[in-house]
Amino acid sequence: MSADLTRRSAAELASAIASREVSAVEVTRAHLDRIGAVDPDVHAFLHVSDELALAQAAEVDRAFDAGEQSASPLAGVPLALKDIVVQKGVPTTAGSKILEGWLPPYDATITRKLLDAGIVILGKTNMDEFAMGSSTENSAYGPTRNPWDLSKIPGGSGGGSSAALAAFEAPLAIGTDTGGSIRQPASVTGTVGAKPTYGGVSRYGVIALASSLDQPGPCARTVLDTAMLHEVIAGHDPMDATSIPQPVPNVVAAVRRGQADGVAGMKIGVVKQLGGQGYQPGVLSSFRSAVEQLQAAGAEIVEVDCPHFEYGLAAYYLILPSECSSNLARFDAMRYGLRIGDDGTASAEQVMSLTRGAGFGAEVKRRIILGTYALSAGYYDAYYGSAQKVRTLIRQDFEKAYQQADVLISPASPTTAFGIGEKVDDPMAMYLNDLATIPGSLAGIPAMSVPSGIAADTGLPVGLQIMGPALGEERMYRVAAAFEAGYLAEHGTTVPQQIPALEGTAR
Ligand code: GLN
């Protein structure tokens, strides 16, 4: 019974709870049991909020039993929250030692929306420190393991959220995507993750990495669940100056349309620059099958040329360190978490330097140093300024491409999940994981990854990236849903119901 509940989609669970077939407490307990059983192996969670989650679920049950109107279409469904999003009174570390012991005094807008919708927050998920990384190995609390193969990475920075979905520890999760941290983990764990248009989901209460790029978004195992969660968390927020004053996109209706009408008559652009050198053969052949499937379903496939994408990675790794060196200055040993060397005689500078030296990991220090250098007098124009110009050129490439196609597609990640420890000493190899996701981040467009099968050469999941124009979430979701429906009709499932690596521990 309890294993059965963890295998259901969020949409199925929501209707079972609303019809009182099961209680929200039973659903929550099933997921907490599953976490207890498999998380010692997977390590998707940094903190599990058992009591809080059960109390929330009990409140949903009480409201249903009293005949009160349901809080939302996802009321009672459990969710895993990335540890970069603050929840009042719940430990939040962003994967860093520097925030150890800090209890946020307020809720992020996303957290508030989730709670108001009756969504049950199970706990906080592991991530690369301050969301810097592609493998979750940069977490100060140890890596998360990919449920498909525990010797492999689950992607990053949001590897905890995606692994929790793939391991059936939660049917819904929240990620944040600055250069690919929702899409690449989704891709390598065979789950779904969507980065909304920049400004589509509030950043208030999301610990900042690079403010001009950061964008929270929904993650799940199905496109419909992802869309339902998207509608809960999206929308204008006066607390975030970059929040877009636009209505929430009708992505659930777009999913229904994709499931019913498919992609007939749509133009889908294959980006010439995303999918050649540096991409694993098994990823490329899975991508070709995806293109054929979309074509067979009636889409017109066109090739689009985006010549400036090749400078994306270089521009991103100037913009991101520059912005994060400024954002992370707030961790000064005075305001949050860790404080080292404060013996009553040390100066504030000494305490600050000791705390930052001990509290930040190697990748965070690398980026703060790079960013401080890139922003320093005399270098600002040469580095940050040039990178911003590249960003404009990439945005223009996208604008031209969308004159030829309704959506663009590519592999979401150049490879399937690699081994834990394999790239950890080679920052450049790690950065190359973001080759396909960074252009969309720089342009601020919506983009998502949906499972597109198993790579023949590694036996691990591959993700298809679908990118829409700015505010084009509806057509992006329509194509994602149509692709998923076509894939399911042919293969039966995207995520296996039994995870071989966890079978011994699974209940
Ligand atoms: N992997 C990328 C990086 O290390 C993306 C991070 C992110 O999206 N948060 O910067």
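What counts and how
- Residues numbered from 1 in each chain as written.
- Predicted model: local features only at pLDDT ≥ 70, side-chain atom pairs only at ≥ 80, totals over all residues.
- Heavy atoms only, no water.
- Helix = DSSP H or I, 4+ residues; strand = E, 2+ residues; numbered from the N terminus.
- Rg over C-alpha atoms; globule rule 2.2 N^0.38 Å.
- Contact = heavy atoms within 4.5 Å.
- Areas by Shrake-Rupley, 256 points an atom, 1.4 Å probe, with all protein chains shown as cover.
- Lys, Arg positive; Asp, Glu negative; His and termini not counted.
- Charge placed at Lys NZ, Arg CZ, Asp CG, Glu CD.
- Axes fitted to C-alpha atoms, helices over the stretch in contact; angles between N-to-C directions.
- Parallel < 35°, antiparallel > 145°, perpendicular 65-115°, else oblique.
- Nonpolar A, V, L, I, M, F, W, Y, C, P; charged D, E, K, R; others polar.
- Salt bridge = Lys/Arg side-chain N within 4 Å of Asp/Glu carboxyl O.
- Buried < 20%, exposed > 50% of the residue type's maximum accessible area, 1.4 Å probe, protein only.
- Near = heavy atom within 4 Å.
- Polar contact = N/O pair within 3.5 Å; in protein donor to acceptor, adjacent residues only side chain to side chain.
- Phe/Tyr/Trp six-rings, centres within 6.5 Å; stacked < 30°, edge-to-face > 60°.
- Pairing = 2+ DSSP bridges.
- Left-handed = near helix turned anticlockwise from the far one by under 90°.

Q: Looking at this structure, I do not really get the overall build of the protein. What am I missing?
A: Helices and strands together make up the secondary structure of the protein, namely 17 helices and 11 strands. Scaling as 2.2 N^0.38, a compact globule of 507 residues should have a C-alpha radius of gyration of about 23 Å, and the protein matches this with 21 Å. By its C-alpha atoms, the protein is 65 × 55 × 45 Å across when sized along the principal axes. Once local pairs closer than 6 in sequence are excluded, the contacts in the protein between residues at least 24 apart make up 76%. For the protein, the accessible area works out to roughly 18000 Å², and carbon and sulfur atoms hold 54% of it. Distance between charge centroids for the protein: 3 Å, based on 38 positive and 54 negative side chains.

Q: Please explain the packing of helix α8 (residues 223-233) against helix α17 (residues 473-491) as it appears in this structure.
A: Running from N to C, α8 and α17 cross one another at 155 degrees; their axes reach a closest spacing of 9 Å. In terms of their interaxial angle, α8 and α17 are classed as roughly antiparallel. Of the residues in α17, those in contact with Val223, Thr226, Ala227 and His230 of α8 are Glu473, Tyr477, Ala480, Ala481 and Glu484. Here the contact of α8 with α17 is composed, by residue class, of 5 nonpolar, 2 polar and 2 charged.

Q: Help me understand the environment of Gly155 in this model?
A: Note on placement: Gly155 falls in the loop between β3 (120-125) and α6 (159-166). Distance from Gly155 to Ala186, taken between C-alpha atoms, is 7.7 Å for residues 31 residues apart in sequence. Apart from residues lying up to four places away in sequence, Gly155 is in contact with Ser134, Ser135, Thr136, Gln184, Pro185 and Val188.

Q: In this structure, what is going on with the pattern of salt bridges? I would like to understand it.
A: For side chains bearing opposite charge, pairing can occur when the charged atoms are close. Applying the stated criterion across every chain, the model contains 19 salt bridges. One salt bridge in this structure joins Arg203 and Asp240, with 3.3 Å as the shortest N-O distance. Highlighted residues: Arg203 in the loop between β5 (192-195) and β6 (215-220) and Asp240 in the loop between α8 and α9 (251-261), separated in sequence by 37 residues. Residue Asp240 is classed as buried on the basis of its relative accessible area, which comes to 5%. The partner of Asp332 in a salt bridge is Arg335, and the shortest N-O contact between them spans 3.2 Å. What makes Asp332 buried here is its relative accessible area of 11%. Note on Arg335: relative accessible area 53%, which makes it exposed. Taken together, the shared-partner salt bridges in this structure form one network comprising Asp4, Arg8 and Glu21.

Q: How should the site of the ligand be read in this particular structure?
A: Close to the ligand lie 16 residues; Thr178, Gly179, Ser181, Tyr316 and Arg367 are nearest. Within the contact set of the ligand, an oxygen atom lies 2.7 Å away from a backbone nitrogen or oxygen of Gly179. Isolated, the ligand exposes 290 Å² of accessible area, and the fraction of that covered by the protein chains is 100%. Broken down by element, the residue count for the shell around the ligand peaks at 3 residues, all from helix α11 (residues 312-327). Here the shell around the ligand is built from residues that sort into 6 nonpolar, 7 polar and 3 charged.

Q: Just to check I follow, could you spell out the packing of aromatic side chains for this structure?
A: How two aromatic rings sit relative to each other is set out by the distance from centre to centre and by the angle between their planes. All told, the structure shown has 14 aromatic pairs when counted by the stated rule. Seen in terms of ring centroids, Phe309 and Phe398 are 4.8 Å apart; in terms of plane orientation they differ by 45 degrees. Their pairing is tilted. Of this pair, Phe309 sits in the loop between β8 (300-304) and α11 while Phe398 sits in helix α14 (residues 381-404); the two residues are 89 residues apart in sequence, bridging distant segments of the chain. Judged by its relative accessible area of 2%, Phe398 falls in the buried class. What links up through ring pairs into an aromatic cluster is the set Trp102, Phe130, Phe331, Tyr336 and Phe360.

Q: Which parts of the structure should I look at to understand the sheet that holds β6?
A: In any sheet, the strands associate via hydrogen bonds between backbone groups, in a parallel or an antiparallel arrangement. Read across the sheet, 11 strands follow the order β1-β3-β2-β4-β6-β5-β10-β11-β9-β7-β8 without closing on themselves; strand pairing throughout is mixed. Both outer strands of the open sheet, β1 (45-48) and β8, are each paired with one neighbouring strand and no more. Strand-to-strand twist across the sheet, computed as the mean angle between neighbouring axes with direction ignored, equals 30 degrees. Against the sheet, α17 contacts β5, β6, β7 (267-271), β9 (407-411), β10 (447-454) and β11 (461-467), and its axis sits at roughly 10 degrees relative to β10.

Q: Can you help me understand the side chain of Asn126 in this one?
A: Along the polypeptide, Asn126 turns up in the loop between β3 and α6. A relative accessible area of 0% means that Asn126 is categorised as buried. A distance of 2.7 Å separates the side chain of Asn126 from the side chain of Ser139, its partner in a polar contact. Within the structure, Asn126 has its side chain in polar contact with the side chain of Thr144 (distance 3.0 Å).

Q: I keep staring at the environment of Gly200 and nothing clicks. Help me out?
A: On the secondary structure map, Gly200 appears in the loop between β5 and β6. For Gly200, a relative accessible area of 18% gives the class buried. Taking the C-alpha atoms as reference points, Gly200 and Thr242, 42 residues apart in sequence, are found 8.8 Å from one another. Those residues within four positions of Gly200 in sequence are excluded, and the remaining contacts are Gln215, Ala234, Gly235 and Ile244.

Q: Which parts of the structure should I look at to understand the side chain of Thr197?
A: Within the secondary structure, Thr197 sits in the loop between β5 and β6. Those residues within four positions of Thr197 in sequence are excluded, and the remaining contacts are Gln215, Ile244, Gly444, Ile445, Pro446, Ala470, Leu471, Gly472 and Glu473.

Q: Looking at this structure, I do not really get the packing of α11 against α14. What am I missing?
A: Geometry of a packed helix pair, given as the angle between the helix axes and the separation of the axes. Between α11 and α14, whose axes approach to 9 Å, the crossing angle comes to 130 degrees. Judged by the angle between their axes, α11 and α14 are oblique. Note that α11 runs across α14; the crossing there is left-handed. Contact residues: Gly312, Ala315, Leu318, Ile319, Ser322 and Glu323 in α11; Tyr383, Tyr384, Ala387, Gln388, Val390, Arg391 and Ile394 in α14.

Q: Is there a simple way to think about the pairing of β10 in this case?
A: If a strand is regular, its side chains alternate between the two faces of the sheet. Most of β10 is tucked away, with 7 of its 8 residues classed as buried. Summarising the sheet, β5 and β10 pair through 3 bridges and their orientation is antiparallel. Within β10, the position partnered with Ala194 by the bridge is Met448. Pairing of β10 with β11 involves 6 bridges; the strand directions are antiparallel. The residue of β11 that forms the bridge with Pro451 is Gly463. Taking the residues that link successive antiparallel strands as the turn, the β10-β11 hairpin has 6 residues, and the phi of Gly459 there is positive, at about 70 degrees.

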